[in-house]
Amino acid sequence: MTEMSRRNLLTATAVGGAVAAVGTAANAAVFGNPDRPPQGAINVANPVTLKNPGPQNAALADEFPSFQNPPATDVDGMDLFWASFNNAHKRIQNGGWAREVTQADFAISEAVSGVNMRLGPGGVRELHWHQQAEWAVMTDGKCRITVIDGDGRPAVRDVKEGELWYFPPGLPHSLQGLGPSGAEFTLVFDNGHSSEFNTLLLTDWIAHTPPEILAENFNLPVSAFKNIPVDNLWIYQAPEPPPLAQVQRAIASPYGEPEFEFTFSMNDMKPTRATRGGEVKVIDSRNFPISKTIAAALVTIKPGGLRELHWHPNADEWQYYLKGRARMTVFNTGPRAQTADFRPGDLGYVKKSFGHYVQNVGNTDLVFLEIFKAERFAEVSLIQWLACTPPELVSQHLNMDPALIAQFSKARPDVLPV
Ligand code: MN
Ligand code: MN
């Protein structure tokens, strides 16, 4: 084949391909199916195309209907913003277990890593500390925490389901499951690289300090330390602890009590906003003053409800799904838009300022936490922004009757319907 004839053939093929694409994409570039080139099953003429005859795990694939068959408004690709504790490996020891999702598993999750931990009755997460702050939510049972601040003022508290704790960076602490059912909780570190399997442990430090230094530091003979563990404990089984009041008396410090509470109850707070569609409780340094690096929102969406189109101007959002079934679409420049499905124990992630909405697609309440590495919760509501923009400007952008734009809410709905 000559160079010229090959070029002619390529041109002919390209033209033919373009004609075929136009033929099967008659619905594209229209309302509800805007993409160029057209994307989504709506554009496929022959249903055989949509089959998935290759290898697959149907049980797993069926968990992700929006990945299997994205809406026609989805376009291009996006860094995966779905992860889960459900497929995270458990590290189990006598007394409890933990599993984690760090940036090593969830590349997009730069600001935050998450740890899901269970401590049976009496089970102890050993005395330790780390460079990152630790925020936690109790999801079952009861737990005892101990901590001391940088001015030598200790605290011990018991927390139950729906309560939070926050340990500022570097402050040492312990956790212990209480009877009768122990505790389950999820921790958030304010750094995507942080790992629960890599913390500064009391037992490691003592074992790796020369015995004569231990003797001098604690003003005891070297023989006092001869039974210290050589290996760390991390999680271990202990008897249940004495009553709280007794322990609080035992740990009293000459420097007094800490300035701020390390714990917070979401159960006792009124919703920051409640609508017919659900409610939002915002917990940040304004009502939980010690929590300087983590802001949170506990969102409940009733069946059929919608967490409105919005974004967060100040931080990435790490989501932890607690109950129900959700679908979220994330929007980025490009344009790019991608939809994903979430169930309890799953995690979502939305980069700072990327647009998103969350829909309850189940028939029970959807409950999830929005976590931000920030001092304060902040959000831009699409509808409220447009309601507070000159109406003729909005009308020009959306090609809509200004009378309809005048109906946009000047108050943030948060969860719809209002
Ligand atoms: Mn910790
Ligand atoms: Mn959000």
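Residues numbered from 1 in each chain as written. Chains lettered and ligands numbered in written order. Predicted model: local features only at pLDDT ≥ 70, side-chain atom pairs only at ≥ 80, totals over all residues. Heavy atoms only, no water.

## Here's the deal with the overall build of the protein chain
Now for step 1: A tally of regular secondary structure across the protein chain gives nine helices and 25 strands.
Now for step 2: Burial status across the protein chain gives 45% buried among its 418 residues.
Now for step 3: Counting only contacts in the protein chain whose residues sit at least 6 apart along the sequence, the fraction spanning at least 24 positions is 75%.
Now for step 4: Total accessible area on the protein chain is roughly 21,600 Å²; 57% of this is exposed by carbon and sulfur atoms.
Now for step 5: If you average the places of the 35 positive and of the 44 negative side-chain charges in the protein chain, the two averages end up 5 Å apart. (Helix = DSSP H or I, 4+ residues; strand = E, 2+ residues; numbered from the N terminus. Buried < 20%, exposed > 50% of the residue type's maximum accessible area, 1.4 Å probe, protein only. Contact = heavy atoms within 4.5 Å. Areas by Shrake-Rupley, 256 points an atom, 1.4 Å probe, with all protein chains shown as cover. Lys, Arg positive; Asp, Glu negative; His and termini not counted. Charge placed at Lys NZ, Arg CZ, Asp CG, Glu CD.)

## Considerations on the coordination of the manganese ion (ligand 1)
Now for step 1: At 2.0 to 2.2 Å from the manganese ion (ligand 1) lie its protein donor atoms, namely His 128 (NE2), His 130 (NE2), Glu 134 (OE) and His 173 (NE2).
Now for step 2: Each donor residue of the manganese ion (ligand 1) lies on one chain, and together they are spaced H-x1-H-x3-E-x38-H.
Now for step 3: Judged by its relative accessible area of 4%, His 130 falls in the buried class. (Donors = N, O, S within 2.8 Å, 3.2 Å for Na, K, Ca; no water.)

## Quick notes on the pairing of strand 23 (residues 366-372)
Residues in a regular strand point their side chains to alternate faces of the sheet.
Now for step 1: With seven of seven residues buried, strand 23 lies mostly within the body of the structure.
Now for step 2: Here strand 23 shows no split at all, with Leu 366, Phe 368, Glu 370 and Phe 372 on one side and Val 367, Leu 369 and Ile 371 on the other all buried.
Now for step 3: As judged from the seven bridges shared by strand 16 (residues 295-301) and strand 23, these two strands associate in the antiparallel manner. By the bridge assignment for strand 23, Leu 298 is matched with Leu 369.
Now for step 4: Here strand 18 (residues 317-323) pairs with strand 23 via six bridges, running antiparallel. Among the inter-strand pairings, Lys 323 is bridged to a residue of strand 23, identified as Val 367. (Pairing = 2+ DSSP bridges.)

## Notes on the sheet that holds strand 18
Now for step 1: If you walk across this open sheet you meet the seven strands as 1-21-18-23-16-15-14, and the pairing is antiparallel. Each of the sheet's edge strands pairs with one partner strand only, and the pair in question is strand 1 (82-84) and strand 14 (273-275). Averaged over all pairs of adjacent strands, the angle between their axes in this sheet comes to 20°, without regard to strand direction.
Now for step 2: Relative to strand 16, strand 15 (residues 278-283) runs antiparallel, the two sharing six bridges. If you follow Val 280 over to strand 16, its bridge partner there is Val 299. (Axes fitted to C-alpha atoms, helices over the stretch in contact; angles between N-to-C directions.)

## Some points on the domain arrangement of the protein chain
Now for step 1: Here the domain parsing of the protein chain yields domain 1 (3-45 + 57-75), domain 2 (90-264) and domain 3 (272-416).
Now for step 2: Taken together, the contact pairs nine residues of domain 1 with ten residues of domain 3.
Now for step 3: Summing the contributions of domain 1 and of domain 3, the shared interface buries around 810 Å²; its carbon and sulfur component is 44%.
Now for step 4: Inspection of the region where domain 1 meets domain 3 yields one salt bridge.
Now for step 5: For Arg 343, the salt bridge identified is with Glu 63, shortest N-O distance 2.9 Å.
Now for step 6: Residues that form the side of domain 1 that touches domain 3 fall into these classes: five nonpolar, two polar and two charged. (Domains from an automatic or database assignment. Buried area = accessible area lost by both parts, 1.4 Å probe. Salt bridge = Lys/Arg side-chain N within 4 Å of Asp/Glu carboxyl O. Nonpolar A, V, L, I, M, F, W, Y, C, P; charged D, E, K, R; others polar.)

## Concerning the coordination of the manganese ion (ligand 2)
Now for step 1: Coordination of the manganese ion (ligand 2) by the protein comes from His 310 (NE2), His 312 (NE2), Glu 317 (OE) and His 356 (NE2), over a distance range of 2.1 to 2.2 Å.
Now for step 2: Motif for the manganese ion (ligand 2), donor spacing along one chain: H-x1-H-x4-E-x38-H. Comparing His 310 with Glu 317, the two get one shared label, buried.

## Overview of the side chain of Thr 389
Now for step 1: With respect to the helices and strands, Thr 389 occurs in the loop between helix 7 (382-387) and helix 8 (391-398).
Now for step 2: Within the structure, the side chain of Thr 389 is placed 2.7 Å from the backbone oxygen of Trp 385, a separation counted as a polar contact. (Polar contact = N/O pair within 3.5 Å; in protein donor to acceptor, adjacent residues only side chain to side chain.)

## Describing the pattern of salt bridges
Now for step 1: Summed over the entire model, instances satisfying the criterion amount to 14 salt bridges.
Now for step 2: Taking the shortest distance from any N to any O, the salt bridge between Arg 125 and Glu 196 comes out at 2.5 Å. Residue Arg 125 is found in strand 5 (residues 123-129), and its partner Glu 196 is found in the loop between strand 10 (183-189) and strand 11 (200-201); the two are separated by 71 residues along the sequence.
Now for step 3: Residue class for Glu 196 comes out buried when judged on its relative accessible area of 0%.
Now for step 4: The network of salt bridges with common partners includes Glu 110, Asp 316 and Lys 351.

## Side note on the packing of aromatic side chains
Now for step 1: Within this structure, the stated rule accounts for 16 aromatic pairs.
Now for step 2: Judged by centre distance (4.8 Å) and plane angle (85°), the rings of Phe 64 and Trp 82 are edge-to-face. Here Trp 82 lies in strand 1 and Phe 64 lies in the loop between helix 2 (58-61) and helix 3 (65-68), a separation of 18 residues in the sequence. Per residue, the accessibility class of Phe 64 equals that of Trp 82, and both read buried.
Now for step 3: Ring pairing ties together the aromatic residues Trp 165, Phe 167, Phe 185 and Phe 262, which thus form one cluster.
Now for step 4: The ring of Trp 97 carries the charged tip of Lys 90 above its face, separated from the ring centre by 4.3 Å.
Now for step 5: Note that Arg 91 overlies the ring of Trp 234, its terminal NZ or CZ placed 3.6 Å from the centroid. (Phe/Tyr/Trp six-rings, centres within 6.5 Å; stacked < 30°, edge-to-face > 60°. Lys NZ or Arg CZ within 6 Å of the ring centre and 35° of its normal.)

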